[in-house]
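# A look at the structure
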Amino acid sequence: MSIKVAPSILSADYVNLQRDVELVEKAGAEYVHIDVMDGMFVPSISYGAAWVKALKPVTNMVLDVHLMVVNPERYINEFADAGSDIIGVHYEATPHIHRALQMIKAKGVKAEVVINPGTAVELIKPVLHMVDQVLIMTVNPGFGGQKFLPESIDKIKQLAAIKAEMGLDFDIEIDGGVNGDTVKAAYDAGATVAVAGSYVYDKVDPAAKIAAMKDLTK
Ligand code: DX5
Ligand code: ZN
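Residues numbered from 1 in each chain as written. Chains lettered and ligands numbered in written order. Predicted model: local features only at pLDDT ≥ 70, side-chain atom pairs only at ≥ 80, totals over all residues.

### A look at the site of ligand 1
Around ligand 1, a shell composed of 22 residues is seen, among which Ser8, Pro141, Gly144, Gly197 and Ser198 lie nearest. When the residues that make up the shell around ligand 1 are grouped by side-chain class, the tally is eight nonpolar, 12 polar and two charged. (Near = placed C-beta within 6 Å. Nonpolar A, V, L, I, M, F, W, Y, C, P; charged D, E, K, R; others polar.)

As structure tokens, then:
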């Protein structure tokens, strides 16, 4: 099965958001990736739960919410009520990652743990049985348009091995610098979902970019 594609609206045209979301859905993207930034965990401020609520009625894609927020427990219920299908919380953003994941699951939403490039895969072993998806950041979070960190490939392989060893069934998502040059190696290493922002939305023809990612991972 080809990799599932999750275009990040961080690189979309915000005044034409519905158009840009419909465009990628038509092109076969399975998820839409929503990057929430609080100006603390990462330098920028992006958008909040109101955007999830606004997108919910205009798409059937999985609403994949990536919380780059300090102490995400403060916002989990709000994002769940807004219609998030998956909520991702950073291991580094809270001393209580287990509790944060419990809160997501208690709302009936799919739970995701996210790790930064500087965080070892072993550290999330104790919560892997709880998650539907793990996001391995393939750049340092905060901005679109950065370069894929090649050392991420080993982390994806490590996680895929742990997943097999523990007999678990979560998706492995990658985020940052994913494009036609980097997606195949990540897929071969075990990634099952690829976030792509600038590659899909910058310049021309998002549909062709999605087709290329699917084609490269057949
Ligand atoms: C970065 C965000 C990403 C971002 C990826 O902090 O988490 O989702 O949109 O952008 P690209 O694909 O341009 O690296
Ligand atoms: Zn993201």
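### Remarks on the UniProt feature "binding site: substrate" (unreviewed entry) in the protein
This chain's UniProt record puts "binding site: substrate" (unreviewed entry) on Ser8, His66, Gly142, Phe143, Gly144, Gly145, Asp175, Gly176, Gly177, Gly197 and Ser198. Here His66 is to be found in strand β3 (residues 62–68). Ignoring sequence-local partners within four residues, the contact set of His66 consists of His33, Ile34, Asp35, Val36, Gly88, Val114, Leu135 and Asp175. Gly176 sits in the buried class, given 27 other C-beta atoms within 10 Å. When neighbours within four sequence positions are excluded, Gly176 is seen to be in contact with Met137, Thr138, Val139, Gln146 and Phe148. (UniProt positions renumbered as here; feature names shortened; annotations may be inferred. Helix = DSSP H or I, 4+ residues; strand = E, 2+ residues; numbered from the N terminus. Contact = placed C-beta atoms within 7 Å. Buried ≥ 20, exposed ≤ 12 C-beta atoms within 10 Å, placed from the backbone.)

### Points about the sheet that holds β3
An order of β1-β8-β7-β6-β5-β4-β3-β2 is seen for the eight strands of this open sheet, with the pairing classed as parallel. Edge positions in the sheet fall to β1 (4–7) and β2 (31–37), since each of these pairs with one other strand and no more. Taken over all neighbouring pairs, the strand axes of this sheet differ in orientation by 25° on average, direction set aside. Sheet topology places β2 next to β3; seven bridges connect them, and they run parallel. Across the sheet, the residue bridging to Asp35 is His66, located in β3. (Pairing = 2+ DSSP bridges. Axes fitted to C-alpha atoms, helices over the stretch in contact; angles between N-to-C directions.)

### What to know about the environment of Ser44
Mapped onto the elements of the fold, Ser44 is located in the loop between β2 and α2 (49–55). Assessed through the 14 C-beta atoms surrounding it within 10 Å, Ser44 is described here as partly exposed. Put simply, Ser44 and Gly142 are 98 residues apart on the chain and 6.5 Å apart in space, counted from C-alpha to C-alpha. The residues contacting Ser44, other than those within four sequence positions of it, are Met37, Gly39, Gly142 and Phe143.

### What about the UniProt feature "binding site: a divalent metal cation" (unreviewed entry) in the protein?
Under the local residue numbering, the UniProt record ascribes the feature "binding site: a divalent metal cation" (unreviewed entry) to His33, Asp35, His66 and Asp175. In three dimensions, the annotated residues from a span of 143 residues occupy one location, with a maximal C-alpha spread of 10.5 Å. Note on placement: Asp35 falls in strand β2. Apart from residues no more than four positions distant in its own chain, Asp35 is found in contact with Ser8, Leu10, Ser46, His66 and Met68.

### A word on the confidence of the model for the protein
Averaged over every residue, the pLDDT of the protein is 98; residues scoring 70 or more account for 100%. On the interface metric, ipTM, the complex scores 0.99, and its pTM is 0.98. (pLDDT = per-residue confidence, 0-100.)

### Regarding unusual backbone geometry
Backbone geometry places Asn71, a non-glycine residue, at a positive phi of 50°. Along the polypeptide, Asn71 turns up in the loop between β3 and α3 (76–81).

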